[in-house]
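Chain and residue survey
Each chain is listed here by its residues.
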Number of protein chains: 2
Amino acid sequence: MQDNHINAITRATKSILTSHLGVEVSMNEPVVIKDTSVPAKAISVILGVNGQLEGQIICSMEADTAKSIIGTMMGGMTIEAIDDMGWSAIQEFGNWIAGTTATELSKEACTIDVTPPVINEGSSKFRSAETFVSLPLESTIGAINVHVSIKQER
Amino acid sequence: MQDNHINAITRATKSILTSHLGVEVSMNEPVVIKDTSVPAKAISVILGVNGQLEGQIICSMEADTAKSIIGTMMGGMTIEAIDDMGWSAIQEFGNWIAGTTATELSKEACTIDVTPPVINEGSSKFRSAETFVSLPLESTIGAINVHVSIKQER
């Protein structure tokens, strides 16, 4: 995985949180996961990538962070439990990241398609043939780990 | 989701199990999931779809079924626990389904790209904005549920 691609994905995720949600974000160094698996937090948004890059971008967060994202998207509501409208909002959040990631990568002369998001809810692990690079984002609404597992197209 | 697309995905999965693994497969009627989520079994292989269709194909199975698949792929070994080589085999199984699904859909004049597989391990649920159609496959090595959530491209 090339550094400029990782940086483009990082810019995309940070810009969604900052410009769309008005949340302050800082990022620690990307971590190359030595193990063949990454642990998921309670809620993961999975985006499939095809085109010049192939693989997955997985945004993983605790339920409280997801509730804060939903609440912010709904204009500052407090969310007690995630209902169907809440899940819709998280899917839309995934769509934003997908769109912005495609745009940022196109600036690096890299054309990709991103699938609509699918959400995984529950305690689980992800495994890929490709090494995961994990981007640890810290924000005022909690931590979001972005696990990236992509390779150049075949 | 069109019936001919569902049928193509069904043919692809059945043909992998039958021709590559020599397993007898029968299928119950596809189920349209009314709920916005589907429960995952212990191991799910997630394939992202882009192109004229967009979404996910998720093959979900219990660990024993995964072990049987791995054992059969390795020439009839008995698998006690899934190690890195075993996870590789399950990823390859996912690649087979991806490739065959793309081929079967191309026969329906539908061009898609499928991502490399990512595996989700653990008890969890999947949620998508698109309705899931679930294909319940029964085989001599156990049940595999294929959850399909795809829509025509935007």
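Each remark here, short or long, concerns the structure printed above.
This report concerns the structure included in the present document. Quantities reported herein were computed from a predicted structural model and do not represent experimental measurements.

**Here we look at the interface of chain A and chain B**
In this complex, chain A contributes 33 residues to the contact, which on the side of chain B involves 33 residues. Between chain A and chain B lies a buried interface of about 2,500 Å² when both sides are counted; carbon and sulfur atoms form 46% of it. Joining chain A to chain B, the criterion identifies two salt bridges. Residue A:Arg127 is joined to B:Glu121 by a salt bridge in which the shortest nitrogen-to-oxygen separation is 2.9 Å. For the pair chain A and chain B, the interface holds 19 residue pairs in polar contact (both at pLDDT 80 or more). Elements with a minimum of two residues in the side of chain A that touches chain B: β4 (43-51), β5 (53-61), α3 (84-106), β6 (112-114), β7 (118-121) and β8 (125-128) of chain A. Counted by class, the side of chain A that touches chain B contains 12 nonpolar, 13 polar and eight charged residues.

**Examining helix α2 (residues 63-73) of chain B**
Within α2(B), burial applies to B:Thr65, B:Ala66, B:Ile69, B:Ile70 and B:Gly71. Packing partners of the buried residues in α2(B) comprise β4 (43-51), β5 (53-61), α3 (84-106) and β10 (142-152) of chain B.

**Some remarks on the pairing of β5(B)**
Residues and elements named next belong to chain B. Counted residue by residue, β5 has nine buried out of nine residues, so it is predominantly covered. Sheet topology note: the β4/β5 ladder contains seven bridges and is antiparallel. Looking across to β5, one finds that Ile46 is bridged to Ile58. Hairpin connection between β4 and β5: a loop of one residue separates the two successive antiparallel strands. Bridging between β5 and β10 involves nine bridges; their strand directions are antiparallel. Each residue of the ladder has a partner; that of Cys59, found in β10, is Val146.

**Examining the pairing of strand β9 (residues 133-139) of chain B**
Residues and elements named next belong to chain B. Burial runs high along β9: six of the seven residues are buried. Pairing analysis gives three bridges linking strand β1 (residues 25-27) to β9, with the strands arranged antiparallel. When the bridges of β9 are listed, Ser26 appears paired with Glu138. By the bridge criterion, two bridges tie strand β2 (residues 31-32) to β9 in an arrangement that is antiparallel. Pairing of Val32 across the sheet is with Val133, part of β9.

**Things to note about the side chain of A:Ser60**
Residues and elements named next belong to chain A. Relative to the helices and strands, Ser60 resides in strand β5. Looking at Ser60, its side chain comes within polar contact range of the side chain of Ser44, at 3.0 Å. Ser60 has contacts with Ala40, Lys41, Ile43, Ser44, Ala143, Ile144, Asn145 and His147, leaving out every residue within four places of it along the chain.

**Notes on a negative patch on the surface**
A cluster of acidic residues, A:Asp113, A:Glu153, B:Asp113 and B:Glu153, forms a negative patch on the protein surface. Topologically, B:Asp113 is positioned in strand β6 (residues 112-114).

**Some words on the pattern of salt bridges**
Applying the stated criterion across every chain yields a total of eight salt bridges over all chains. Two residues, B:Glu104 and B:Lys107, come together in a salt bridge whose shortest N-O distance is 3.2 Å. Take B:Glu104: its relative accessible area is 11%, and that puts it in the buried class. The class for B:Lys107 is exposed, based on a relative accessible area of 59%. Taken together, the salt bridges that share partners define one network made up of A:Arg11, A:Glu104, A:Lys107 and A:Glu108.

Basis of the calculations
- Residues numbered from 1 in each chain as written.
- Chains lettered and ligands numbered in written order.
- Predicted model: local features only at pLDDT ≥ 70, side-chain atom pairs only at ≥ 80, totals over all residues.
- Heavy atoms only, no water.
- Contact = heavy atoms within 4.5 Å.
- Buried area = accessible area lost by both parts, 1.4 Å probe.
- Salt bridge = Lys/Arg side-chain N within 4 Å of Asp/Glu carboxyl O.
- Polar contact = N/O pair within 3.5 Å; in protein donor to acceptor, adjacent residues only side chain to side chain.
- Helix = DSSP H or I, 4+ residues; strand = E, 2+ residues; numbered from the N terminus.
- Nonpolar A, V, L, I, M, F, W, Y, C, P; charged D, E, K, R; others polar.
- Buried < 20%, exposed > 50% of the residue type's maximum accessible area, 1.4 Å probe, protein only.
- Pairing = 2+ DSSP bridges.
- Patch = residues over 30% accessible without salt bridge, like charges linked within 9 Å, V, L, I, M, F, W, Y side chains within 5 Å.
- Areas by Shrake-Rupley, 256 points an atom, 1.4 Å probe, with all protein chains shown as cover.
- Lys, Arg positive; Asp, Glu negative; His and termini not counted.
- Charge placed at Lys NZ, Arg CZ, Asp CG, Glu CD.

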